[in-house]
Every structure is written in structure tokens, then in C-alpha cells.
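So you can see what is in the structure, the chains are spelled out below.
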Amino acid sequence: MKALVMCGGGSKGAFAGGVAEFLIGERKKQYDILIGTSTGSLMIPLLAIGEIEKLRKTYTTVRTRDIFSISPFVTTKKNGVYRTSINHLGILRMFLKGGKTFGDSGQLRKLISSVITRDDFRKMQLSNTEIVVAVSNLSCNTVEYKSMKNCTYEDFCDWIWISSNLVPFMSLVTKNGYEYADGGIGVPVPIQEAIRRGASEIDVILLSPKIVSNGEDTGNAFSLTWKLFNFMLHQIKDDSVTIAKLEGMQQAVHLHFYYPPRILTEHPLVFDPKEMTAWWEEGFEYAKANTPLDCPRRNGSLRSRWNALCSRWGWK
């Protein structure tokens, strides 16, 4: 079985979209399982039914105001570089309405329903592809995986939204009596879930480079908070990938990783159509240059490969 795993990264998801367009649109790869977390969960439903152009249009036109009903930050751009600072008025509004987070991402829930229609959902149900999103259950301190096959349309849109809500900057959602948040908090790269579901060949799209250099200096309390949060998520992501690689070796699972060659942005909650259009094209060209012509599964287990080597050299 073949799987596509897409991690989180906010607006950087445009790069992942470009990679996925090459793999599915150009290479005609067919996946049995698509698993996403955070921005990855926003992308996999349309990818599963081949609606790549619709996905591209969304990711190259969406703006920050389409995500936040109340934004926790104010954005300025100087010399082509974004800077963020605390939106004191917005946070005061959240406080007065009894909100538990700094911002409200209700607009994103509306966007999901407008982009992923009921007709799209019916197509997903009729397909043989398993579509799974990861969410973090903060009430139980567990990660849960929600399969489209077990959901109604409204529930599935809710889970996609929940998977994308990076608290405390975005909405904390109560559903079925539990508080839920971004799946990336618990599992930034859900490779192990793809293995657990039987995948033997997995393409993994990541949204930070292998080696991350020093970012910009912190300019205020908000940017410091975001930098610390991003640091923790990066460490969790690295650990998750390392563990998945070890498990993949043990079970003879072929893993192919796609990393952006550079830091795309320090502000993944800022959605700039011009930048995201460029990242989409960059992702497509990167995949074109870094996808092997043939990605065969490794031949069997470590024991079988050892036996083959012994046979070749006449060892007993």
C-alpha cells in the first residue's frame, strides 16, 4: 500500500501543494492512504479526489483575513520582510467574549465548507482512498486519527478545522465533550500512523529544511512566544521523523522525504497570496528535481537481504 503523509506548517502548505501536484498530477501516483495534520489536513481531501487545481487556487489566493475572525497579531511589511506584534484590541475582544485563546479562527471553518463541498465529500466516500486527519485531544492528552469513512460531512469539516487550529493563537474547539486543537501539537508528522495502517511505501512532505539556520531576532513579546513555540514543535517533529525512520527500517517500509531547500518564512500564520504562489511553484520544481524515476520498495526485511548477500557470496 502507498501512502502520502503531509505535515503542518500554515501558509507553507503551498510548498507541499506544489510537491503533491507533481507527484499526483505529473507522476500519476495513486495513494491508498492520505494522512495529514494541521495544514496537511486541509490539503489531503482535495488531493484524494484529484481536485488539484481547486486546491492550488485556494492556496494561492487565501489571505490572513480568510483565516481569522479575530487575529492575535498585527502584521507589517518592511523591505519585503514581515513583522508581527500583539493585537491588543483583538486579545481584549477575545477576553471580553470569554475566549480561551488569543485569536479566533472561525473564518477558516467557513472557508473549509466553501472549498470542500458536499459533492466533494460524496466523491471521497466513493473512492477507495482512506483520508485521515490527526487531532490533539487536550482533555485526554492523546492524539486521535479521524477517518473520513467514519464521519458525516459536517463532522469531517470540523475535524479538518480542528486539526489546523494552532492554539493558543487559533480557536480551541470543544467537540463531543472534549477540548481539541491542532494535530501537529501531538504528532507533527504522522508517519507511524501510515505504517500502522499497512503502508509499505510512503512519501512524506515536510515544511522545514533538514538544517534550520538562525532565524530573525525577536522584536517583541509576541514574536518571542511564537519563536519558542516553533522551537518546541521543531524538536517534536525531528523526534517523530527519527522514530518513524527506525520503525520503517524494522518493517521494511520505503520512506521518501521531501524537504524545502530553505526556510520559507518565519511567519506561517501570515497568508500572502504572492508568496504562496511562489512557494507552490518552488515545491513543484523541487519535487521534479528530487523524485527518483522509480521508488521501488526495499527488498524484504533485513534478514532476507542478509540471506541474499550470503547466497551471492557463497556464505553459509
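Everything below is about the structure printed above this text.
Scope of this entry: the structure provided in the associated data block. Values in this document were obtained by computation on a predicted structure and should not be read as measured data.

The next thing to look at is the overall build of the chain. If you tally the helices and strands in the chain, you get 11 helices and 10 strands. Expressed as a percentage of its 316 residues, the buried residues of the chain come to 52%. Considering only contacts within the chain whose residues lie at least 6 apart along the sequence, 77% involve residues at least 24 apart. Carbon and sulfur atoms make up 53% of the accessible area of the chain, which amounts to about 15500 Å² in all.

The buried fraction of helix α7 (residues 153-163) is high, at 9 of 11 residues. Of the residues making up α7, those classed as buried are Tyr153, Phe156, Cys157, Asp158, Trp159, Ile160, Trp161, Ile162 and Ser163.

Note on placement: Gln125 falls in helix α6 (residues 118-126). Accessibility expressed as a relative area gives 39% for Gln125, which makes it partly exposed. Along the backbone, Gln125 and Ile49 are 76 residues apart, and their C-alpha atoms lie at a distance of 9.9 Å. Not counting chain neighbours up to four residues away, the residues in contact with Gln125 comprise Met148, Lys149 and Cys151.

This part is about a nonpolar patch on the surface. Taken together, Leu89, Leu92, Phe95 and Leu96 make up a surface patch of nonpolar side chains, about 490 Å² in accessible area. Assignment of secondary structure puts Leu92 in helix α4 (residues 88-96).

On to the side chain of Ser38. Within the fold, Ser38 resides in the loop between β2 (33-37) and α2 (39-48). Taking the relative accessible area as the measure of exposure, Ser38 reaches 7% and is therefore buried. When residues no more than four places from it in sequence are discounted, the contact partners of Ser38 are Gly8, Gly9, Ser163, Ser164 and Asp182.

Interaxial distance between α2 and helix α3 (residues 52-59) falls to 8 Å at its minimum, and their mutual angle equals 150°. Note that α2 runs across α3; the crossing there is right-handed. Packed against α2, whose contacting residues are Thr39, Leu42, Met43, Leu46 and Leu47, the element α3 presents Ile52, Lys54, Leu55 and Tyr59 at the interface. In terms of residue class, the contact of α2 with α3 is built from 7 nonpolar, 1 polar and 1 charged.

Our next topic: the pattern of salt bridges. Pairing between side chains of opposite charge can happen when the charged atoms of each approach one another. The full count for this structure, using the stated rule, is 20 salt bridges. Between Arg56 and Glu21 there is a salt bridge whose closest N-O contact spans 2.9 Å. Pair noted here: Arg56 is in helix α3 and Glu21 is in helix α1 (residues 13-26), with a separation of 35 residues, a long-range link. Residue classification places Arg56 among the buried residues on the basis of a relative accessible area of 19%. Across the pair Arg197 and Glu193 runs a salt bridge, and its minimum N-O distance is 2.7 Å. Here the salt bridges do not stand alone but share partners, grouping Arg109, Arg118, Glu154, Asp155, Asp158 and Lys175 into one network.

To continue, consider the packing of helix α5 (residues 106-115) against α7. It is the contact of α5 with α7, at a shortest axis distance of 10 Å, that shows an interaxial angle of 135°. With respect to α7, the axis of α5 lies oblique. The two elements α5 and α7 meet at a crossing, and its hand is right-handed. Residues Gly106, Leu108, Arg109, Ile112 and Ser113 of α5 pack against Tyr153, Glu154, Cys157, Asp158, Ile160 and Trp161 of α7. In the contact of α5 with α7, the residues fall into 6 nonpolar, 2 polar and 3 charged.

Note on placement: Thr265 falls in the loop between β10 (254-258) and α10 (273-290). For Thr265 and Gly9, which are 256 residues apart along the polypeptide, the C-alpha to C-alpha distance reads 9.8 Å. When sequence neighbours within four positions are dropped, the list of residues in contact with Thr265 reads Ser11, Lys12 and Trp279.

Structurally, Ile67 can be placed in the loop between α3 and β3 (73-78). Of the residues examined, Ile67 reaches a relative accessible area of 5% and is grouped as buried. As a C-alpha pair, Ile67 and Gln107 span 40 residues in sequence and 5.0 Å in three-dimensional space. Dropping the residues within four chain positions of it, Ile67 is found in contact with Val62, Asp104, Ser105, Gly106, Gln107, Leu108, Leu111, Met170 and Phe271.

Right, let's talk about the packing of aromatic side chains for a bit. The way to describe two aromatic rings as a pair is by their centre distance and the angle between their planes. With the rule as written, the count across this model stands at 9 aromatic pairs. Between Phe15 and Tyr286, the ring centres sit 5.9 Å apart and the planes meet at 50°, which makes this aromatic pair tilted. Here Tyr286 lies in helix α10 and Phe15 lies in helix α1, a separation of 271 residues in the sequence. Across the pair, Tyr286 and Phe15 agree in class, each one buried. Consider the rings of Phe68 and Phe73, whose centres lie 5.6 Å apart with planes at 80°: the pair is edge-to-face. Accessibility expressed as a relative area gives 6% for Phe73, which makes it buried. Following the ring pairs from residue to residue traces out a cluster consisting of Phe121, Tyr153 and Phe156. Over the aromatic face of Phe257 sits the side chain of Lys245, whose NZ or CZ is 5.0 Å from the ring centroid.

What counts, and at which threshold
Residues numbered from 1 in each chain as written. Predicted model: local features only at pLDDT ≥ 70, side-chain atom pairs only at ≥ 80, totals over all residues. Heavy atoms only, no water. Helix = DSSP H or I, 4+ residues; strand = E, 2+ residues; numbered from the N terminus. Buried < 20%, exposed > 50% of the residue type's maximum accessible area, 1.4 Å probe, protein only. Contact = heavy atoms within 4.5 Å. Areas by Shrake-Rupley, 256 points an atom, 1.4 Å probe, with all protein chains shown as cover. Patch = residues over 30% accessible without salt bridge, like charges linked within 9 Å, V, L, I, M, F, W, Y side chains within 5 Å. Salt bridge = Lys/Arg side-chain N within 4 Å of Asp/Glu carboxyl O. Axes fitted to C-alpha atoms, helices over the stretch in contact; angles between N-to-C directions. Left-handed = near helix turned anticlockwise from the far one by under 90°. Nonpolar A, V, L, I, M, F, W, Y, C, P; charged D, E, K, R; others polar. Parallel < 35°, antiparallel > 145°, perpendicular 65-115°, else oblique. Phe/Tyr/Trp six-rings, centres within 6.5 Å; stacked < 30°, edge-to-face > 60°. Lys NZ or Arg CZ within 6 Å of the ring centre and 35° of its normal.

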